[in-house]
Structure formats: C-alpha cells, structure tokens
Amino acid sequence: MIRQIFVAAAMMVATAANSWAQQAVPFALDWKFEGPAAPYFLAIDKGYFEEKGLTVEIAEGKGSLDAIPKVATGAFPLGFADINSVMRFLDQNPGAPVKAVMMVYDKPPFSVVGRKSLGVEAPKDLQGKVLGAPPPDGAWAQFPIFAAENDLDMDAITVEPVGFPTREPMLAEGNVAAVTGFSFSSTLNLIRLGVPEDDLSVLLMSDYGVKLYGNAIIVNTEFAEANPDVVKGFLEAVAKGWKTAIENPSEAIDSLLERNPAADKDLETDRLQMAIDANVLTDWVKQNGFGDVDADRFEDAIEQTKTVYEFQTTPDMATFWDGRYLPSGESAKLQ
C-alpha cells in the first residue's frame, strides 16, 4: 500500500512538473481564421506544440501589417506578417526588436483581382479604372512595385480606399473595377458573393515582375535571444503543421472549424489548397525545404523595393531576416 501511494504521488509530481514546464506562447495572425490559418490550429490539435513544451494561443489579425507592432512591442512574442512591410517598419523604426525567422509564402499572394466584364484583364487595363484598396493591405503596399514593373501611370488610376469588409462587395456590386488583396482571399470571397469565376481576372503580382517574398513568421528578437529553444520548437511545430495540412487539407480545416464554426468547410478547404499550391509548396521549397530564403533573391527584393521606397538607412538582409532558428533536414521537407 505504501509503495502504491509513493508511485501515485510520484506520478502526480511528474504530471504537475510537465504542466508547469509548458510555456504559453501567444501567436498573432495577419488575418481572420480562414483556410491558410488551419495548419497552425492543426499543429495545436495534433500536439505538435505541446511536444515542444508550448501552449499556443492564436489571435486573429486585421491585415498583413497588423502583427508587426504587436510583436515589436512585445505584446506577442511571435506573429505572422508581410516581410516587405517588416522591412519598411524597421527602416522607419530602427532598432525595433522584430525580425522574420521563417518564410511561409515563398511566392506571395499579392494580387490585383478584377472583373473582365468591367474591363480588367491585364495590368494596363487598370488605367482609367477605379481600384479599391484597403490602406493596411499587404498587396496594396506592394502595388507601386507592380505598377512600376508594368509601366502603369498611377495618375490614370483612381484609387478608392476601402475597408476589408467592403472590398469584395464593392467589386461584386461594380462600384470598383478591381481590388488589391491576397489571391486566395479575394477570389473565393467574390465567388461566394455570386461573381462568376470566369468573370474574374486574378493578376498575381509575382507573375508580373514582382520578385518579393510574402508572409513570414516574425519574432520579437529580445524574446528569441532569451528563449532560443522556444522559438526553434515553435518553428518545428509550425513546419510539421504545414506538412500534415498538405497531406490532409480536410483534417486541417476541421481544426479551423473548431475555432470558426461559421466557416464554410468546402470554401476554406479550397482557400487552403490555393495557398498551398500557389504560395507555399513552390518548386524552390520542394527542392530546398520549407521556411528558408534564397539570399540572392532576398537581395533582389530589397533592390526592387528601393525603386519605389526610399530607405532612410542602407538596407541589409541581416536586419530583416534571421534563419538560425529554422528546422533542418527532414523536419523542413514538405514533399
């Protein structure tokens, strides 16, 4: 009896110690709980974060720029944001403790989505038209590069600032001829609003001369320096979540629906699959692994940004990117 009590007590202590060892890590998303967010929820439900001693809570965002100040101020240790906006933020706030540590959208979903029936099928068609663009939108932030690469006269385009909730409805109603947005978000939102798919023209900026990277996991650098193993464990769990989501998108969406029961499963499955096919599982990622960047391409992206944005200081990749925490080997493979 005494031995049984001792064993039971030891198990209780071990369980409590394991519970105490779990570190809470809030994670700030860029946007709502939609398809492309599913891999992070799947990683929670599969226990991938728990295996690393982490308890992760995910918060919705309000756009590609939303998570940057949250992470820079330390309100969140980790977030998800547009790397190009991180570059500009750091240029305007030198020394701010935030960097990108894992590239998720190797090919960015920045796009201009127009309607053929309203005369938009190619970049030049935007001239003389009304373009709806939310000011905090990551795609709108890169539009000047898209315009420069396609020799567009910005003065010939009427830009209508719109809110995220009204962006697609305004295009569906014909109040604007095109909008800036993420390809997988705006396209499916418009189809859901009744716009025929064959009436949509999706101009993915990366197909029209834009060399930039897309959204990445960002970290508060002071947190990372104090908790390197936490950051490494978090990124390994994220990679595993994406790998599992690619293998079984439907299961990933089930995890999403647990947090957003009002979502349409078929729609969000399509949205996740679009992100996987066009933005995440690129040829480069298949060959080199998930999460890393190509240094030459990153430098090209900086040079391209210089054509439309005047840096206050000389931009350096090391200021914006830190790949030391990335998983390696099989952990980074997304085949």
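Quick summary incoming for the structure in this document.

Scoring rules and cut-offs
- Residues numbered from 1 in each chain as written.
- Predicted model: local features only at pLDDT ≥ 70, side-chain atom pairs only at ≥ 80, totals over all residues.
- Heavy atoms only, no water.
- Pairing = 2+ DSSP bridges.
- Helix = DSSP H or I, 4+ residues; strand = E, 2+ residues; numbered from the N terminus.
- Axes fitted to C-alpha atoms, helices over the stretch in contact; angles between N-to-C directions.
- Patch = residues over 30% accessible without salt bridge, like charges linked within 9 Å, V, L, I, M, F, W, Y side chains within 5 Å.
- Areas by Shrake-Rupley, 256 points an atom, 1.4 Å probe, with all protein chains shown as cover.
- Salt bridge = Lys/Arg side-chain N within 4 Å of Asp/Glu carboxyl O.
- Lys, Arg positive; Asp, Glu negative; His and termini not counted.
- Charge placed at Lys NZ, Arg CZ, Asp CG, Glu CD.
- Buried < 20%, exposed > 50% of the residue type's maximum accessible area, 1.4 Å probe, protein only.
- Expected span 1.5 Å × (residues − 1).
- Arc of directions from axis to C-beta.
- Polar contact = N/O pair within 3.5 Å; in protein donor to acceptor, adjacent residues only side chain to side chain.
- Core = buried A, V, L, I, M, F, W, Y, C linked by side-chain atoms within 4.5 Å.
- Contact = heavy atoms within 4.5 Å.

For the rest of this paragraph, the subject is the sheet that holds strand 10 (residues 215–220). Taken in spatial order, the five strands make up an open sheet running 2-1-3-10-4, and their pairing is mixed. In this open sheet, the two edge strands, each paired with only one partner strand, are strand 2 (54–59) and strand 4 (98–103). On average, each strand axis in the sheet is inclined to that of its neighbour by 30°, with strand direction left out of account. Two strands pair when backbone bridges link them, and strand 1 (residues 23–28) and strand 3 (residues 78–82) are joined in this way by two bridges, in the parallel orientation. Residue pairing in the sheet places Phe 27 in a bridge with Leu 78 of strand 3.

Together, Asp 296, Glu 299, Asp 300 and Asp 316 give the surface a local cluster of negative charge. You can see Asp 300 is positioned in helix 14 (residues 295–306). Since its relative accessible area comes to 40%, Asp 300 is described here as partly exposed.

Spanning 12 residues, helix 14 covers 17 Å between terminal C-alpha atoms, matching the ideal 16 Å at 1.5 Å per step. Regarding helix 14, the residues found buried are Phe 298, Ala 301, Ile 302, Gln 304 and Thr 305. Along the long axis of helix 14, the arc covered by the buried residues comes to 165°, so they all point the same way. The backbone nitrogen of Asp 296 lies 3.2 Å from a side-chain oxygen of the residue at the head of helix 14, namely Asp 294.

Glancing now at the nonpolar core. Generally speaking, soluble globular proteins have nonpolar side chains that are buried together. Core analysis: the largest hydrophobic core is formed by 98 residues, its most contacted members being Phe 27, Tyr 40, Phe 143, Ile 217, Phe 234 and Phe 298. When residues no more than four places from it in sequence are discounted, the contact partners of Ile 217 are Phe 27, Tyr 40, Leu 78, Gly 79, Phe 80, Lys 99, Ala 100, Val 101, Met 102, Val 104, Phe 234 and Leu 235. Listed in part, the nine residues of the second largest apolar core include Val 113, Val 162, Leu 190 and Leu 200.

This part is about the environment of Lys 52. Mapped onto the secondary structure, Lys 52 falls in the loop between helix 3 (48–51) and strand 2. Considering only alpha carbons, one finds Lys 52 and Met 317, 265 residues apart in sequence, at a separation of 29 Å. Apart from residues no more than four positions distant in its own chain, Lys 52 is found in contact with Gly 233 and Glu 236. A polar contact is formed between the side chain of Lys 52 and the side chain of Glu 236, at a distance of 2.5 Å.

The next point concerns the sheet that holds strand 5 (residues 110–115). Taken together, the five strands give an open sheet; going across it, the order is 7-6-8-5-9, and neighbouring strands pair in mixed fashion. Lying at the two open borders of the sheet, with one neighbouring strand each, are strand 7 (158–161) and strand 9 (200–204). Taking each pair of neighbouring strands and ignoring which way they run, the sheet shows an average axis angle of 30°. In the sheet, strand 6 (residues 130–133) pairs with strand 8 (residues 178–182) via two bridges, with the strands oriented parallel. Looking at strand 8, one finds that Gly 132 is bridged to Val 179. Relative to strand 5, helix 6 (residues 138–149) is tilted by about 90°, and along the sheet it contacts strand 5, strand 6, strand 7, strand 8 and strand 9.

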